[in-house]
Amino acid sequence: MFSYCADPDTLGTFRWFSCYLTNGVHWSFYLSFLKVLGLLAVTAPVALAFGFMGAMAARSHFPPLSWLGKGYIAIVRGVPDIAFFLFFVIALDQAFEWTRHKILCPEWTDPIRQGNDFIVCQAAKLPLGTAPEWVHETYGFFLAIITFSIVFGAFAANVLFGGMRAVPHAQLETAEAYGMTRRQTFWRILVPQMWVYALPGLSNLWMVLIKATPLLFLLGIEDIVYWARELGGTKTSRFTQYPHGDWRMWYFLFLLIFYLGMTRVSEIGLEKLMRKLSHGQATSGGELLRKETTA
Amino acid sequence: MSCLQTIQDYGLRSLGIGERLLPKNDFTLCEQFTLIGSGMIWNVYFGIMALATGFFLATALAVGKASTNKWLRKPSEWFIFLFRGSPLFIQFFFAYFFFLSLKKSYPMFDAFTSAWLGALIVLFLNTAAYSGEIFYGALRSIPKGDIEAADAYGMTGWARFRRIVWPTMLRLAWPAYTNEAIFLFHATTLVFFSAFPAWQQRGDALYYASYFADKTFNPFVPYPILAFYFILLTLVIVWGFGMINKRLNRHLPAARQTKMRFKLNLAR
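Here the residue numbers are simple positions, counted from 1 along each chain's written sequence. Throughout, the order in which chains and ligands are written sets their labels, letters from A for the former and numbers from 1 for the latter. Thresholds applied to this predicted model are a pLDDT of at least 70 for local features of residues and 80 or more for the giving and counting of side-chain atom pairs; totals over whole chains, interfaces and linings are not thresholded and use all residues.

Asks: Any details on the overall build of chain B? Residues and values, ideally.
Replies: Elements are defined by DSSP. Helices are runs of H or I of four residues or more, strands are runs of E of two residues or more, and each kind is numbered from the N terminus. Counting its secondary structure elements, chain B contains nine helices and zero strands. Put simply, chain B runs from its N terminus to its C terminus through helices and strands in the order α-α-α-α-α-α-α-α-α. For chain B, the spread of C-alpha atoms along the three principal axes comes to 70 × 50 × 25 Å. Note on contacts: each residue gets a C-beta atom placed from the backbone, and two residues are in contact if those atoms are within 7 Å. Once local pairs closer than 6 in sequence are excluded, the contacts in chain B between residues at least 24 apart make up 72%.

Asks: Give a detailed account of the environment of Met155(B), specifying residues and quantitative values.
Replies: Structurally, Met155(B) can be placed in the loop between helix 6 (144-152) and helix 7 (157-187). Residues Met155(B) and Ala111(B), 44 residues apart in the sequence, show an inter-C-alpha distance of 45 Å.

Asks: Lay out the nonpolar core in plain terms, naming residues and giving numbers.
Replies: Counting 125 residues, the largest nonpolar core has Ala156(A), Phe92(B) and Phe93(B) as its most contacted members. It is helix 4 (residues 133-166) of chain A that contributes the most residues to this core, 13 residues altogether. By definition, a nonpolar core groups buried Ala, Val, Leu, Ile, Met, Phe, Trp, Tyr and Cys residues that are joined through C-beta atoms within 7 Å. Our exposure labels follow a C-beta count within 10 Å of each residue's own C-beta, placed from the backbone: buried means 20 or more other C-beta atoms, exposed means 12 or fewer, and partly exposed covers the counts in between.

Asks: Could you give an account of the packing of helix 3 (residues 81-104) of chain A against helix 8 (residues 205-216) of chain B, with specific residues and numbers?
Replies: Remark: helix 3 of chain A packs on helix 8 of chain B, axes separated minimally by 11 Å, with the N-to-C direction vectors making an angle of 5 degrees. Relative to helix 8 of chain B, helix 3 of chain A is oriented roughly parallel. Across the interface between the two elements, Ile82(A), Ala83(A), Leu86(A) and Ile90(A) from helix 3 of chain A touch Leu206(B), Ser210(B) and Ala213(B) from helix 8 of chain B. Classifying every residue of the contact of helix 3 of chain A with helix 8 of chain B gives six nonpolar, one polar and no charged. Helix axes use the C-alpha atoms of the stretch in contact, all axes being lines fitted to C-alpha atoms, and the angles between their N-to-C directions lie in the range 0 to 180 degrees. Just so you know how the angles are binned, under 35 degrees is roughly parallel, over 145 roughly antiparallel, 65 to 115 roughly perpendicular, and the rest oblique. Gly counts as polar in this scheme, as do all residues outside two lists: the nonpolar Ala, Val, Leu, Ile, Met, Phe, Trp, Tyr, Cys and Pro, and the charged Asp, Glu, Lys and Arg.

Asks: Please set out the environment of Val167(A) residue by residue, giving values where relevant.
Replies: Residues and elements named next belong to chain A. Turning to its location among the elements, Val-167 is positioned in the loop between helix 4 and helix 5 (169-177). Between the C-alpha atoms of Val-167 and Tyr-197, which are 30 residues apart in sequence, the distance is 7.5 Å. The residues touching Val-167, leaving out its near neighbours within four places in the chain, are Leu-190, Gln-193, Met-194 and Tyr-197.

Asks: Tell me about unusual backbone geometry, and name the residues and values.
Replies: Residues and elements named next belong to chain B. Phi is positive for Gln-200, close to 50 degrees, though the residue is something other than glycine. Topologically, Gln-200 is positioned in the loop between helix 7 and helix 8. Its identity as a non-glycine residue notwithstanding, Phe-217 has a phi of 55 degrees, on the positive side. Positionally, Phe-217 belongs in the loop between helix 8 and helix 9 (222-248). You can call Phe-217 partly exposed: it has 15 C-beta atoms within 10 Å.

Asks: Describe the interface of chain A and chain B, and please don't skip the residues or the numbers.
Replies: Listed as interface residues are 36 residues of chain A and, on the opposing side, 34 residues of chain B. Only helix 2 (63-78), helix 3, strand 2 (117-118), helix 4, helix 6 (182-212) and helix 8 (248-278) of chain A provide two or more residues apiece to the side of chain A that touches chain B. It is helix 8 of chain A that provides the largest number of residues to the side of chain A that touches chain B, a total of ten residues. The residue inventory of the side of chain A that touches chain B, partitioned by class, reads 23 nonpolar, six polar and seven charged.

Asks: Help me get a handle on helix 9 of chain B, residues and values and all.
Replies: Working rule for helices: expected span equals 1.5 Å times residues minus one. Under the 1.5 Å per step criterion, the end-to-end length of helix 9 of chain B is 39 Å for 27 residues, consistent within 8% with the ideal 39 Å. Buried residues of helix 9 of chain B: Pro222(B), Tyr223(B), Leu226(B), Tyr229(B), Phe230(B), Leu233(B), Ile237(B) and Asn245(B), and no others.

Asks: Describe in detail the packing of helix 2 (residues 29-66) of chain B against helix 5 (residues 115-140) of chain B, supporting the description with residues and values.
Replies: Residue and element names in this part refer to chain B. Look at helix 2 against helix 5: their axes get within 6 Å of each other, and the N-to-C directions meet at 45 degrees. The angle between the axes of helix 2 and helix 5 places the two elements in the oblique class. Seen from above, helix 2 lies across helix 5 with right-handed handedness. Looking at the contact of helix 2 with helix 5, its residues break down into 18 nonpolar, six polar and two charged. Each crossing gets its handedness from the near helix: less than a right angle anticlockwise from the far helix is left-handed, clockwise is right-handed.

Asks: Which residues make up the confidence of the model for chain B, and what are the values?
Replies: In this model, chain B carries an average pLDDT of 89, and 94% of its residues clear a pLDDT of 70 or more. Taken together, the chains of this predicted complex give a pTM of 0.87 and an interface ipTM of 0.87. The quantity known as pLDDT measures the predictor's confidence residue by residue, on a range of 0 to 100.

Written out as structure tokens, the structure is:
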């Protein structure tokens, strides 16, 4: 982009840094920030949907369904989330391939697990061996999103379940007295009211989700952590020489500041949202707002 | 090879004692249980050491953040924001490369680049920030009457803090602090997946679990074993912290004692 970047004399000057904006490898680094934001944008609603279904299942009066929901919520309590990440990425991949194998190659009689190998027929491979690279990358990203959604869905289910239970019971009894069915009570009375109780937990969850995004690196995605390690180091597999020493520390300092910024922005945004939702609510937050405006 | 033999060979493998080579193929359940259990030594070490040291810094931070003096309050606020606002994973990476470049200029920082010290320092600072915020919240919700009673008895300064403020703060913060302790133990699994090297394959529980999962391409055995160990650990933590909670509340009439109901509120 800048013509002076081709001139070796610029190396010693401060202007050299602007050349980092234009080279292709660094563009992968900048684009990986979009990957992180994309993951957040997709995962948050999907996880919320998972959580909603989990909470609904846990409230169910049909015991097996309620056990399923409660088990889903409880499993995240005792086990580190990173273990889930590492587990689901392989497990989901194998589950998909196994299903495709059963459908696409019914004539195959060999066992799929042979010792330490997991063998499916060629046509069942995901993605297909002939697929271009972007398909592989997208598939990896897709797996990562499902993994994140399952784990954070369990957290969200816990929060939403708590929020549903926090809605004053008298509200539900009133609905029943008006002759509403269980389904009507749930959708018309419970769901609209639970959000204000669930919001503190959900905003906390959002913070946890932001702070979990660097774990993408462990799922084999070329994310910001991957590129910071690659670019900060003196040598990489593809390029043997960089014009600087070990800068990984500075790259990670930059990531640290990036995340601090994200946290700060979310904090401010969530506070505004909470103020909006508390407006006119019979909670202490709503009371505080009322006093502020009347005083 | 009998299971007892395996335990003798690999029981302390994570510390470098026993058989040098990890099993290569035909993994038995016993081997997986033993090695992953052996790795738990590191998780417990990191967790306990970070909690024990972080507790004191957390108290100092809470008092600092609640202080009216700007020079005490601002640094505490910034410290807490810095460590709570950024991912632990990135903190590990940054600290490792920071220690690495320190080591280049000053060889005495050699130990800091190994996990047992370097990662411990990060965990110590991190848990201090999280617990500091919890303690700060508790400090602000100490009943006004308690402080007034202390004043009426003529207690000031250190005596008032040591005998009234601090015990009440702990009592109020304890359930949340238990939660933090559980999350800290979970966070210790990140150590060997960030930059800190597992020297001679001496890693923690998750390190061995992922070793088995990579070798067998079968995640359905090692990860449930890991989950089993961690659920066990969580139960032990809940029990231990519950005992302390009982002691902190022992002066209260039975009805007013805050029952420790373990509830996952996502503090981290």
